[in-house]
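Remarks on the overall topology
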Amino acid sequence: MTTLPHAVDADTPLRDEELDVLRAQYEKEGDMAGVQTKFNYAWGLVKSNTRPEQHLGVMLLSEIFRTAPERRRECLFYLALGNYKLGNYGEARRYNELLLDKEPTNLQALDLQSLINDKVTKEGLVGVAIVSGIAVAAGVIGGLLLRNLGRKR
């Protein structure tokens, strides 16, 4: 996914055994799970390569972000990363920019910003190519229809 050294979290999932330890601790604490336990589990989930786990990680981090103002800064990078991995580039950019506003020299956030911008550019170019292809196809079909109408007269 990336060759940017400070965004290595974008590519490095935890081993299953490591995530299982975090999950077991979170489940053991249940409704009384502490913020640190919840953050650790969410962090592990966001690093996962599976979308359902990434999504759950983002949901847990969002909850921490809303309910624990003192932990917002540390949630920002992983909220940005999780949304990036889920393809929610607007949300990823929003969280990453909030972090860069607070820490303009944060190398992880700067590398993630590059990844987000590259994806948005690439997907924008693909979208332009698709729209262009549709326009060309519509033009060809329209030309054929007009030509056939001209022959029928």
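An unreviewed UniProt entry lists the chain under the name Mitochondrial fission 1 protein, with Lasiosphaeria miniovina as the source organism. Annotation of the chain in UniProt includes, under Function (unreviewed entry), the sentence "Has a role in mitochondrial fission. Has a role in outer membrane fission but not matrix separation."

Contact pair helix H2 (residues 35–46) / helix H3 (residues 51–67): the axes reach a minimum separation of 7 Å and the direction vectors enclose 150°. The way H2 lies across H3 gives a crossing that is left-handed. Residues Val35, Lys38, Phe39, Tyr41, Ala42, Leu45 and Val46 of H2 form the contact with H3, whose own contacting residues are Glu53, Gln54, Leu56, Gly57, Val58, Leu60, Leu61, Glu63 and Ile64. When grouped by side-chain class, the residues that make up the contact of H2 with H3 number 11 nonpolar, two polar and three charged.

Moving on to the packing of aromatic side chains. In total, this model carries five aromatic pairs according to the counting rule given. Considering the side-chain rings of phenylalanine 39 and tyrosine 78, the 6.2 Å spacing of their centres and the 80° angle between planes classify their relative orientation as edge-to-face. Of this pair, phenylalanine 39 sits in helix H2 while tyrosine 78 sits in helix H4 (residues 72–86), placing them 39 residues apart in sequence. Note on phenylalanine 39: relative accessible area 9%, which makes it buried. For tyrosine 78, a relative accessible area of 12% gives the class buried. With 5.8 Å between their ring centres and 80° between their planes, phenylalanine 65 and tyrosine 95 make a pair best called edge-to-face. Of this pair, phenylalanine 65 sits in helix H3 while tyrosine 95 sits in helix H5 (residues 89–102), and the two are 30 residues apart along the sequence. Judged by its relative accessible area of 18%, phenylalanine 65 falls in the buried class. A relative accessible area of 8% means that tyrosine 95 is categorised as buried. One aromatic cluster is present, formed by Phe39, Phe77 and Tyr78 through successive ring pairs.

Moving on: the environment of threonine 50. Positionally, threonine 50 belongs in the loop between H2 and H3. Once the C-alpha coordinates of threonine 50 and lysine 85 are considered, the two residues, 35 residues apart in sequence, prove to be 9.5 Å apart. Within the local environment of threonine 50, its side chain forms a polar contact with the side chain of glutamate 53, the two groups lying 3.1 Å apart.

In the structure, phenylalanine 65 is positioned 10 residues away from cysteine 75 in sequence and 6.4 Å away in space, judged by C-alpha atoms. Apart from residues lying up to four places away in sequence, phenylalanine 65 is in contact with Arg72, Cys75, Leu76, Leu79 and Tyr95.

Turning our attention to H4. An ideal rise of 1.5 Å per residue puts 21 Å on 15 residues; H4 measures up with 20 Å between its terminal C-alpha atoms. Among the 15 residues of H4, 12 are classified as buried, and the element is accordingly described as predominantly covered. Three or more residues of H4 are buried, namely Cys75, Leu76, Phe77, Tyr78, Leu79, Ala80, Leu81, Gly82, Asn83, Tyr84, Lys85 and Leu86. At the C-terminal side of H4, glycine 87 shows a positive phi close to 85°.

This part is about the side chain of arginine 71. Counting through the fold element by element, arginine 71 comes out in the loop between H3 and H4. In this structure arginine 71 comes out as buried when scored by relative accessible area, which is 13%. A distance of 2.5 Å separates the side chain of arginine 71 from the side chain of glutamine 36, its partner in a polar contact. In terms of polar contacts, arginine 71 uses its side chain to reach the side chain of glutamate 74, at 2.2 Å.

Parameters and conventions
- Residues numbered from 1 in each chain as written.
- Predicted model: local features only at pLDDT ≥ 70, side-chain atom pairs only at ≥ 80, totals over all residues.
- Heavy atoms only, no water.
- UniProt positions renumbered as here; feature names shortened; annotations may be inferred.
- Axes fitted to C-alpha atoms, helices over the stretch in contact; angles between N-to-C directions.
- Helix = DSSP H or I, 4+ residues; strand = E, 2+ residues; numbered from the N terminus.
- Left-handed = near helix turned anticlockwise from the far one by under 90°.
- Contact = heavy atoms within 4.5 Å.
- Nonpolar A, V, L, I, M, F, W, Y, C, P; charged D, E, K, R; others polar.
- Phe/Tyr/Trp six-rings, centres within 6.5 Å; stacked < 30°, edge-to-face > 60°.
- Buried < 20%, exposed > 50% of the residue type's maximum accessible area, 1.4 Å probe, protein only.
- Polar contact = N/O pair within 3.5 Å; in protein donor to acceptor, adjacent residues only side chain to side chain.
- Expected span 1.5 Å × (residues − 1).

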